Amino acid sequence: MQNPLSSALSKLVTPMASLLGLEHLPQNFPNIAYSALGFTFVHIIAAPVLSRWIAPVSYAKLQGPRAKNNWEIHVVSLVHAVIIVVLAYRTFNEPALLADPAYGWHETAELTNSVAVGYFIWDTIDATVNYTDLGFVLHGKSWSISARPILQYFSSRFLFWELSTPFLNIHWFLDKTGKTGSTFQLINGVLLLSTFFFVRIVYGWYTSITFWRIMFRKPNDIPVLYRAVFLVAHTVLMTLNLVWFSKMISALRKRFNSDQSTKQPLLTPTDGALPNYTNTNPIDGAA
(Lines give C-alpha, C1' and ligand atoms only; values in the text may rest on other atoms or scores of the structure.)
Protein backbone atom coordinates (compact mmCIF):
# COMPACT_ATOMS: atom_id res chain seq x y z
CA MET A 1 0.00 0.00 0.00
CA GLN A 2 1.37 3.40 -1.02
CA ASN A 3 1.96 6.15 1.53
CA PRO A 4 -0.07 9.39 1.13
CA LEU A 5 2.73 11.20 -0.73
CA SER A 6 3.23 8.35 -3.19
CA SER A 7 -0.51 8.13 -3.77
CA ALA A 8 -0.67 11.85 -4.49
CA LEU A 9 2.24 11.61 -6.92
CA SER A 10 0.62 8.68 -8.71
CA LYS A 11 -2.67 10.55 -9.08
CA LEU A 12 -0.82 13.62 -10.35
CA VAL A 13 0.45 11.87 -13.48
CA THR A 14 -2.48 9.53 -14.11
CA PRO A 15 -4.18 11.80 -16.71
CA MET A 16 -0.93 12.24 -18.66
CA ALA A 17 -0.18 8.52 -18.43
CA SER A 18 -3.62 7.65 -19.82
CA LEU A 19 -3.19 10.13 -22.66
CA LEU A 20 0.24 8.79 -23.65
CA GLY A 21 -0.51 5.11 -23.05
CA LEU A 22 2.08 4.80 -20.28
CA GLU A 23 0.08 2.46 -18.11
CA HIS A 24 2.84 1.82 -15.57
CA LEU A 25 3.83 5.46 -15.10
CA PRO A 26 1.46 6.20 -12.18
CA GLN A 27 2.77 3.32 -10.06
CA ASN A 28 6.40 4.12 -10.93
CA PHE A 29 6.28 7.90 -10.76
CA PRO A 30 6.83 8.06 -6.97
CA ASN A 31 10.12 6.14 -7.36
CA ILE A 32 11.07 8.38 -10.28
CA ALA A 33 10.37 11.47 -8.19
CA TYR A 34 12.23 10.12 -5.14
CA SER A 35 15.17 9.22 -7.37
CA ALA A 36 15.32 12.71 -8.89
CA LEU A 37 15.09 14.30 -5.45
CA GLY A 38 17.72 11.92 -4.08
CA PHE A 39 20.25 12.77 -6.77
CA THR A 40 19.43 16.46 -6.29
CA PHE A 41 20.22 16.03 -2.59
CA VAL A 42 23.54 14.38 -3.44
CA HIS A 43 24.32 17.21 -5.89
CA ILE A 44 23.44 20.15 -3.65
CA ILE A 45 24.10 18.87 -0.13
CA ALA A 46 26.08 15.62 0.05
CA ALA A 47 28.65 16.23 -2.71
CA PRO A 48 29.92 19.58 -1.35
CA VAL A 49 30.07 18.27 2.23
CA LEU A 50 31.88 15.06 1.29
CA SER A 51 34.23 16.89 -1.09
CA ARG A 52 35.31 19.36 1.61
CA TRP A 53 35.99 16.40 3.90
CA ILE A 54 37.69 13.98 1.48
CA ALA A 55 39.55 16.44 -0.79
CA PRO A 56 39.54 19.80 1.01
CA VAL A 57 42.56 21.27 -0.77
CA SER A 58 41.58 20.31 -4.33
CA TYR A 59 37.93 21.27 -3.84
CA ALA A 60 38.90 24.65 -2.38
CA LYS A 61 41.08 25.37 -5.42
CA LEU A 62 38.16 25.10 -7.84
CA GLN A 63 37.53 28.48 -9.39
CA GLY A 64 33.96 29.67 -9.62
CA PRO A 65 30.56 27.99 -9.24
CA ARG A 66 30.75 26.27 -12.63
CA ALA A 67 33.94 24.41 -11.71
CA LYS A 68 32.48 23.36 -8.37
CA ASN A 69 29.27 22.24 -10.06
CA ASN A 70 31.26 20.15 -12.51
CA TRP A 71 33.02 18.45 -9.60
CA GLU A 72 29.73 17.82 -7.80
CA ILE A 73 27.96 16.31 -10.81
CA HIS A 74 30.80 13.82 -11.13
CA VAL A 75 30.03 12.79 -7.55
CA VAL A 76 26.37 12.30 -8.52
CA SER A 77 27.46 10.35 -11.58
CA LEU A 78 29.55 8.03 -9.43
CA VAL A 79 26.73 7.45 -6.94
CA HIS A 80 24.23 6.78 -9.74
CA ALA A 81 26.55 4.34 -11.49
CA VAL A 82 27.07 2.23 -8.36
CA ILE A 83 23.34 2.11 -7.59
CA ILE A 84 22.19 1.39 -11.13
CA VAL A 85 24.76 -1.35 -11.75
CA VAL A 86 23.69 -3.21 -8.60
CA LEU A 87 19.99 -2.87 -9.48
CA ALA A 88 20.50 -3.85 -13.11
CA TYR A 89 22.54 -6.93 -12.23
CA ARG A 90 19.77 -8.17 -9.93
CA THR A 91 17.43 -8.49 -12.94
CA PHE A 92 19.72 -10.61 -15.11
CA ASN A 93 18.35 -14.01 -14.10
CA GLU A 94 14.70 -13.13 -13.66
CA PRO A 95 12.67 -15.88 -15.46
CA ALA A 96 9.96 -13.48 -16.64
CA LEU A 97 12.48 -11.30 -18.47
CA LEU A 98 14.39 -14.24 -19.91
CA ALA A 99 11.18 -15.82 -21.21
CA ASP A 100 10.02 -12.67 -23.03
CA PRO A 101 12.74 -10.08 -23.75
CA ALA A 102 10.23 -7.79 -25.46
CA TYR A 103 7.39 -7.67 -22.94
CA GLY A 104 8.65 -9.53 -19.87
CA TRP A 105 7.99 -7.63 -16.65
CA HIS A 106 9.55 -7.64 -13.20
CA GLU A 107 9.30 -5.17 -10.33
CA THR A 108 13.09 -4.95 -9.90
CA ALA A 109 13.46 -4.00 -13.56
CA GLU A 110 10.82 -1.30 -13.11
CA LEU A 111 12.64 0.01 -10.05
CA THR A 112 15.90 0.04 -12.02
CA ASN A 113 14.30 2.01 -14.84
CA SER A 114 12.63 4.38 -12.40
CA VAL A 115 15.92 5.20 -10.70
CA ALA A 116 17.54 5.76 -14.10
CA VAL A 117 14.68 8.03 -15.26
CA GLY A 118 14.92 10.00 -12.01
CA TYR A 119 18.63 10.45 -12.61
CA PHE A 120 18.03 11.71 -16.12
CA ILE A 121 15.39 14.14 -14.88
CA TRP A 122 17.95 15.54 -12.47
CA ASP A 123 20.56 15.59 -15.24
CA THR A 124 18.17 17.29 -17.66
CA ILE A 125 17.44 20.05 -15.14
CA ASP A 126 21.15 20.50 -14.42
CA ALA A 127 21.98 20.58 -18.13
CA THR A 128 19.23 23.13 -18.78
CA VAL A 129 20.14 25.41 -15.88
CA ASN A 130 23.92 25.25 -16.17
CA TYR A 131 24.68 24.46 -19.80
CA THR A 132 21.58 24.98 -21.97
CA ASP A 133 22.63 22.04 -24.13
CA LEU A 134 19.57 20.76 -25.99
CA GLY A 135 21.33 17.63 -27.23
CA PHE A 136 22.00 16.36 -23.72
CA VAL A 137 18.53 17.40 -22.59
CA LEU A 138 16.84 15.40 -25.34
CA HIS A 139 19.06 12.41 -24.62
CA GLY A 140 17.92 12.43 -21.02
CA LYS A 141 14.25 12.87 -21.91
CA SER A 142 14.28 9.95 -24.30
CA TRP A 143 14.46 7.58 -21.31
CA SER A 144 11.05 8.71 -20.07
CA ILE A 145 9.45 6.13 -22.38
CA SER A 146 10.68 3.39 -20.04
CA ALA A 147 7.53 4.13 -18.03
CA ARG A 148 5.83 1.64 -20.36
CA PRO A 149 6.53 -2.07 -19.61
CA ILE A 150 8.48 -2.84 -22.76
CA LEU A 151 12.01 -4.15 -23.39
CA GLN A 152 12.85 -4.35 -19.68
CA TYR A 153 15.17 -7.26 -20.42
CA PHE A 154 17.32 -4.95 -22.52
CA SER A 155 17.02 -1.76 -20.50
CA SER A 156 18.65 -3.38 -17.47
CA ARG A 157 21.43 -4.87 -19.57
CA PHE A 158 22.18 -1.59 -21.30
CA LEU A 159 22.12 0.26 -17.98
CA PHE A 160 24.73 -2.25 -16.79
CA TRP A 161 27.12 -0.45 -19.14
CA GLU A 162 27.51 2.00 -16.26
CA LEU A 163 29.99 -0.47 -14.76
CA SER A 164 32.74 1.51 -16.53
CA THR A 165 31.57 4.87 -15.16
CA PRO A 166 33.05 4.69 -11.63
CA PHE A 167 36.53 4.16 -13.08
CA LEU A 168 36.01 7.09 -15.43
CA ASN A 169 34.95 9.36 -12.60
CA ILE A 170 37.85 8.19 -10.45
CA HIS A 171 40.18 9.02 -13.35
CA TRP A 172 38.68 12.52 -13.52
CA PHE A 173 39.07 13.05 -9.77
CA LEU A 174 42.70 11.87 -9.91
CA ASP A 175 43.34 14.57 -12.50
CA LYS A 176 41.76 17.19 -10.29
CA THR A 177 43.64 16.10 -7.16
CA GLY A 178 47.12 16.19 -8.69
CA LYS A 179 47.48 12.45 -9.30
CA THR A 180 47.83 12.74 -13.07
CA GLY A 181 50.19 10.10 -14.44
CA SER A 182 50.42 8.27 -11.10
CA THR A 183 50.58 4.50 -10.72
CA PHE A 184 47.11 4.56 -9.21
CA GLN A 185 45.80 6.35 -12.28
CA LEU A 186 47.52 3.84 -14.55
CA ILE A 187 45.88 0.92 -12.72
CA ASN A 188 42.54 2.71 -12.79
CA GLY A 189 43.01 3.43 -16.50
CA VAL A 190 43.58 -0.25 -17.22
CA LEU A 191 40.43 -1.14 -15.26
CA LEU A 192 38.52 1.57 -17.11
CA LEU A 193 39.57 0.30 -20.53
CA SER A 194 38.91 -3.31 -19.52
CA THR A 195 35.39 -2.70 -18.21
CA PHE A 196 34.55 -0.38 -21.09
CA PHE A 197 35.71 -2.96 -23.63
CA PHE A 198 34.06 -6.03 -22.10
CA VAL A 199 30.82 -4.38 -20.90
CA ARG A 200 30.10 -1.79 -23.57
CA ILE A 201 31.65 -3.39 -26.63
CA VAL A 202 31.85 -7.19 -26.22
CA TYR A 203 28.76 -7.64 -24.05
CA GLY A 204 27.12 -4.55 -25.54
CA TRP A 205 27.32 -5.78 -29.13
CA TYR A 206 26.32 -9.30 -28.09
CA THR A 207 23.18 -7.98 -26.41
CA SER A 208 22.54 -5.54 -29.24
CA ILE A 209 22.30 -8.35 -31.79
CA THR A 210 19.46 -9.87 -29.76
CA PHE A 211 17.93 -6.43 -29.34
CA TRP A 212 17.92 -5.69 -33.07
CA ARG A 213 16.56 -9.17 -33.81
CA ILE A 214 13.66 -8.65 -31.42
CA MET A 215 12.90 -5.22 -32.84
CA PHE A 216 12.63 -6.57 -36.39
CA ARG A 217 10.85 -9.81 -35.49
CA LYS A 218 8.02 -8.02 -33.70
CA PRO A 219 7.25 -5.12 -36.04
CA ASN A 220 3.52 -5.20 -35.28
CA ASP A 221 3.84 -5.59 -31.51
CA ILE A 222 6.20 -2.69 -30.78
CA PRO A 223 4.88 0.80 -31.65
CA VAL A 224 6.61 2.46 -34.61
CA LEU A 225 7.70 5.49 -32.57
CA TYR A 226 9.29 3.32 -29.89
CA ARG A 227 11.02 1.16 -32.46
CA ALA A 228 12.39 4.14 -34.39
CA VAL A 229 13.69 5.95 -31.29
CA PHE A 230 15.29 2.85 -29.81
CA LEU A 231 16.90 1.66 -33.03
CA VAL A 232 18.34 5.01 -34.12
CA ALA A 233 19.58 6.06 -30.69
CA HIS A 234 21.02 2.66 -29.87
CA THR A 235 22.79 2.23 -33.20
CA VAL A 236 24.41 5.65 -32.89
CA LEU A 237 25.50 4.95 -29.33
CA MET A 238 27.00 1.56 -30.14
CA THR A 239 28.98 3.10 -32.98
CA LEU A 240 30.21 5.91 -30.74
CA ASN A 241 31.31 3.38 -28.13
CA LEU A 242 33.78 2.00 -30.66
CA VAL A 243 35.04 5.49 -31.58
CA TRP A 244 35.43 6.53 -27.93
CA PHE A 245 37.22 3.33 -27.00
CA SER A 246 39.84 3.90 -29.69
CA LYS A 247 40.31 7.49 -28.52
CA MET A 248 40.64 6.35 -24.90
CA ILE A 249 43.42 3.92 -25.85
CA SER A 250 45.24 6.63 -27.78
CA ALA A 251 44.89 9.16 -24.95
CA LEU A 252 46.01 6.68 -22.30
CA ARG A 253 49.12 5.78 -24.30
CA LYS A 254 50.04 9.44 -24.63
CA ARG A 255 49.30 10.04 -20.96
CA PHE A 256 51.97 7.56 -19.83
CA ASN A 257 54.46 8.22 -22.62
CA SER A 258 57.99 8.76 -21.34
CA ASP A 259 58.15 12.02 -23.27
CA GLN A 260 56.44 14.53 -20.94
CA SER A 261 55.57 16.84 -23.82
CA THR A 262 53.30 14.24 -25.39
CA LYS A 263 51.26 13.45 -22.29
CA GLN A 264 47.63 14.44 -22.41
CA PRO A 265 44.64 13.78 -20.14
CA LEU A 266 42.41 10.84 -20.86
CA LEU A 267 39.53 13.14 -20.03
CA THR A 268 39.70 16.64 -21.44
CA PRO A 269 39.30 18.83 -18.32
CA THR A 270 36.45 21.06 -19.46
CA ASP A 271 34.29 22.61 -16.74
CA GLY A 272 31.24 22.14 -18.93
CA ALA A 273 31.46 18.37 -19.20
CA LEU A 274 28.36 16.52 -18.10
CA PRO A 275 28.47 13.24 -16.20
CA ASN A 276 27.52 9.73 -16.95
CA TYR A 277 25.19 8.33 -19.54
CA THR A 278 23.78 11.71 -20.54
CA ASN A 279 27.18 12.71 -21.85
CA THR A 280 28.50 9.31 -22.85
CA ASN A 281 31.66 10.60 -24.51
CA PRO A 282 34.40 9.42 -22.13
CA ILE A 283 36.92 11.74 -23.76
CA ASP A 284 35.00 14.83 -22.65
CA GLY A 285 33.52 13.81 -19.32
CA ALA A 286 32.08 10.95 -17.36
CA ALA A 287 30.56 8.15 -19.37
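Keep in mind that what you see is a predicted model, and the values were worked out from it rather than measured.

Notes on the overall build of the chain
1) Next: A count of helices and strands for the chain gives eleven helices and zero strands.
2) Next: Going from the N terminus to the C terminus, the chain shows its helices and strands as α-α-α-α-α-α-α-α-α-α-α.
3) Next: Here the chain holds 287 residues, and 51% of them are scored as buried.
4) Next: Within the chain, residue pairs in contact and separated by at least 24 positions form 72% of the contacts whose partners lie at least 6 positions apart.
5) Next: Of the roughly 13700 Å² of accessible surface on the chain, a fraction of 68% belongs to carbon and sulfur atoms.

Describing the packing of helix 4 (residues 64-90) against helix 6 (residues 107-130)
1) Next: In contact at an axis separation of 9 Å, helix 4 and helix 6 are set at 165° when each is read in the N-to-C sense. As judged from the angle between their axes, helix 4 and helix 6 are roughly antiparallel. Two packed elements cross with a definite hand, and for helix 4 against helix 6 that hand is left-handed. Residues N69, I73, V76, S77, H80, I83, I84, L87, A88 and R90 of helix 4 lie in contact with helix 6, whose contacting residues are T108, L111, T112, V115, A116, Y119, W122, D126 and N130.
2) Next: Split into classes, the residues belonging to the contact of helix 4 with helix 6 amount to eleven nonpolar, six polar and two charged.

Description of the packing of helix 1 (residues 4-20) against helix 2 (residues 25-54)
1) Next: Here helix 1 crosses helix 2 at 120°, and the two axes come no closer than 7 Å. As summarised for this structure, helix 1 and helix 2 are arranged oblique, according to the angle between their axes. Considering how the two elements wind past one another, helix 1 and helix 2 form a crossing that is right-handed. Mapping the contact onto sequence places L5, S6, L9, S10, V13, T14, M16 and A17 in helix 1 and L25, P26, Q27, F29, P30, A33 and Y34 in helix 2.
2) Next: Split into classes, the residues belonging to the contact of helix 1 with helix 2 amount to eleven nonpolar, four polar and no charged.

Thoughts on the environment of A116
1) Next: With respect to the helices and strands, A116 occurs in helix 6.
2) Next: Taking the C-alpha atoms as reference points, A116 and I32, 84 residues apart in sequence, are found 8.0 Å from one another.
3) Next: Setting aside residues no more than four positions away along its own chain, A116 makes contact with H80, I84 and L159.

Looking at the confidence of the model for the chain
1) Next: Within the chain, residue pLDDT values average 81, and 80% of them lie at 70 or more.
2) Next: Per-residue pLDDT stays below 50 along residues 134-142; that stretch engages in eleven contacts with residues further than four places along the chain or on separate chains.
3) Next: Note on residues 267-287: pLDDT is under 50 here. Beyond four places in sequence and across chains, it has 93 contacts.

What to know about the packing of aromatic side chains
1) Next: All chains considered together, the criterion is met by 21 aromatic pairs.
2) Next: For the pair F39 and Y119, a centre-to-centre distance of 5.4 Å together with 85° between the ring planes defines the contact as edge-to-face. A residue pair is termed long-range when its members are at least 10 positions apart, and F39 in helix 2 and Y119 in helix 6 qualify at 80 residues.
3) Next: Since its relative accessible area comes to 0%, Y119 is described here as buried.
4) Next: Taken together through their ring pairs, the aromatic side chains of Y153, F154, F158, W161, F211 and F230 make up a single cluster.
5) Next: One Lys or Arg, K68, reaches over the ring of Y59 and ends 5.6 Å from the middle of that ring.
6) Next: In this arrangement the basic side chain of R157 is found over the ring face of F92, its NZ or CZ atom lying 4.7 Å from the centre.

Describing the side chain of S155
1) Next: Its location among the elements puts S155 in helix 8 (residues 152-159).
2) Next: Here N113 takes part through its side chain, which lies 3.0 Å from a polar atom of the side chain of S155.

Description of the nonpolar core
1) Next: One finds L25, W71, L151, F154 and F211 to be the most contacted residues of the largest nonpolar core, which totals 63 residues.
2) Next: Going through the elements one at a time, helix 1, helix 2, helix 4, helix 6, helix 8, helix 9 (165-176), helix 10 (183-217) and helix 11 (224-255) are the ones with two or more residues in this core.
3) Next: With near-sequence residues (within four places) excluded, L151 lies in contact with P101, A102, F211, I214, M215, I222 and F230.

Regarding the environment of N69
1) Next: Take N69: it is sitting in helix 4.
2) Next: The spacing of N69 and P48 is 21 residues in sequence and 9.1 Å in space, taken between C-alpha atoms.

Focus: the environment of F216
1) Next: Positionally, F216 belongs in helix 10.
2) Next: Here the alpha-carbon distance between F216 and L231, two residues 15 residues apart in the chain, equals 9.9 Å.

Concerning a nonpolar patch on the surface
1) Next: A surface patch of nonpolar side chains, amounting to about 400 Å² of accessible area, comprises F41, I44, I45 and V49.
2) Next: Here I45 shows up in helix 2.

Conventions and cut-offs
Residues numbered from 1 in each chain as written. Predicted model: local features only at pLDDT ≥ 70, side-chain atom pairs only at ≥ 80, totals over all residues. Heavy atoms only, no water. Helix = DSSP H or I, 4+ residues; strand = E, 2+ residues; numbered from the N terminus. Buried < 20%, exposed > 50% of the residue type's maximum accessible area, 1.4 Å probe, protein only. Contact = heavy atoms within 4.5 Å. Areas by Shrake-Rupley, 256 points an atom, 1.4 Å probe, with all protein chains shown as cover. Axes fitted to C-alpha atoms, helices over the stretch in contact; angles between N-to-C directions. Parallel < 35°, antiparallel > 145°, perpendicular 65-115°, else oblique. Left-handed = near helix turned anticlockwise from the far one by under 90°. Nonpolar A, V, L, I, M, F, W, Y, C, P; charged D, E, K, R; others polar. pLDDT = per-residue confidence, 0-100. Phe/Tyr/Trp six-rings, centres within 6.5 Å; stacked < 30°, edge-to-face > 60°. Lys NZ or Arg CZ within 6 Å of the ring centre and 35° of its normal. Polar contact = N/O pair within 3.5 Å; in protein donor to acceptor, adjacent residues only side chain to side chain. Core = buried A, V, L, I, M, F, W, Y, C linked by side-chain atoms within 4.5 Å. Patch = residues over 30% accessible without salt bridge, like charges linked within 9 Å, V, L, I, M, F, W, Y side chains within 5 Å. Salt bridge = Lys/Arg side-chain N within 4 Å of Asp/Glu carboxyl O.

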